[in-house]
Amino acid sequence: MIIEATGLKGLKSDLAHLDEVTTKLGFVRWQWEYTRATYDFKMEDKASKSVYFLRVNARVESGKLESPYAILFLEDAYIGRETFPHGLDYDSPIPDSVLKLSQQKLDQLKQLLAD
């Protein structure tokens, strides 16, 4: 599920600052290539015992990843339920508690990147 109207899409940051801010909020940069990165935030719904991941994609505007000076711009934020063994189901309904936490994290990310 793509999360619309986050206010993040198009924001720019250098890699060092983006890594620092996302790490502070509990995100992990898992997937990366030389021109894109995916930041994941893991959440567990205790009622259903399901695990969800909030993901934010970033693409390089200039430079290459692993250079702290590379400039990245944020793309879509989306959320999915973890499936066995290593996938995400983006069409599953998302519990309100998970959506609320996701929105809080996205708002915090937006604020920290704007500072």
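See above for the structure.
The structure reproduced in this document is the subject of the present report. Please read these numbers as outputs of a predicted model, since none were measured by experiment.

Right, let's talk about the side chain of Thr-22 for a bit. Looking at the element boundaries, Thr-22 is found in helix H1 (residues 15-24). In terms of polar contacts, Thr-22 uses its side chain to reach the backbone carbonyl oxygen of Asp-19, at 3.2 Å.

Attention now goes to the layout of surface pockets. In this structure, the largest pocket encloses a volume near 210 Å³. Together, Trp-30, Asp-40, Phe-53, Arg-55, Glu-82, Pro-85, His-86, Gly-87 and Leu-88 line the largest pocket. The set of elements that each furnish at least two residues to the lining of the largest pocket consists of strand S5 (50-62) and strand S7 (87-89). Broken down by class, the residue content of the lining of the largest pocket amounts to four nonpolar, two polar and three charged.

Every regular strand shows the same layout, with side chains that alternate between the two sheet faces. Among the 13 residues in S5, 10 count as buried, and that is most of the element. Across 10 bridges, the pairing between strand S4 (residues 36-45) and S5 is antiparallel. Counterpart to Tyr-39 in the pairing with S5 is Val-56. In this antiparallel pair of consecutive strands, S4 and S5, the connection spans four residues, and Lys-49 shows a positive phi of 60°.

Rules used throughout
- Residues numbered from 1 in each chain as written.
- Predicted model: local features only at pLDDT ≥ 70, side-chain atom pairs only at ≥ 80, totals over all residues.
- Heavy atoms only, no water.
- Helix = DSSP H or I, 4+ residues; strand = E, 2+ residues; numbered from the N terminus.
- Polar contact = N/O pair within 3.5 Å; in protein donor to acceptor, adjacent residues only side chain to side chain.
- 1 Å grid on protein atoms, 1.4 Å probe; cavity = no way out; pocket = protein on both sides within 12 Å on 5 of 7 lines; lining within 4 Å.
- Points joined across faces, edges and corners; volume = space filled by probe spheres on them.
- Nonpolar A, V, L, I, M, F, W, Y, C, P; charged D, E, K, R; others polar.
- Buried < 20%, exposed > 50% of the residue type's maximum accessible area, 1.4 Å probe, protein only.
- Pairing = 2+ DSSP bridges.

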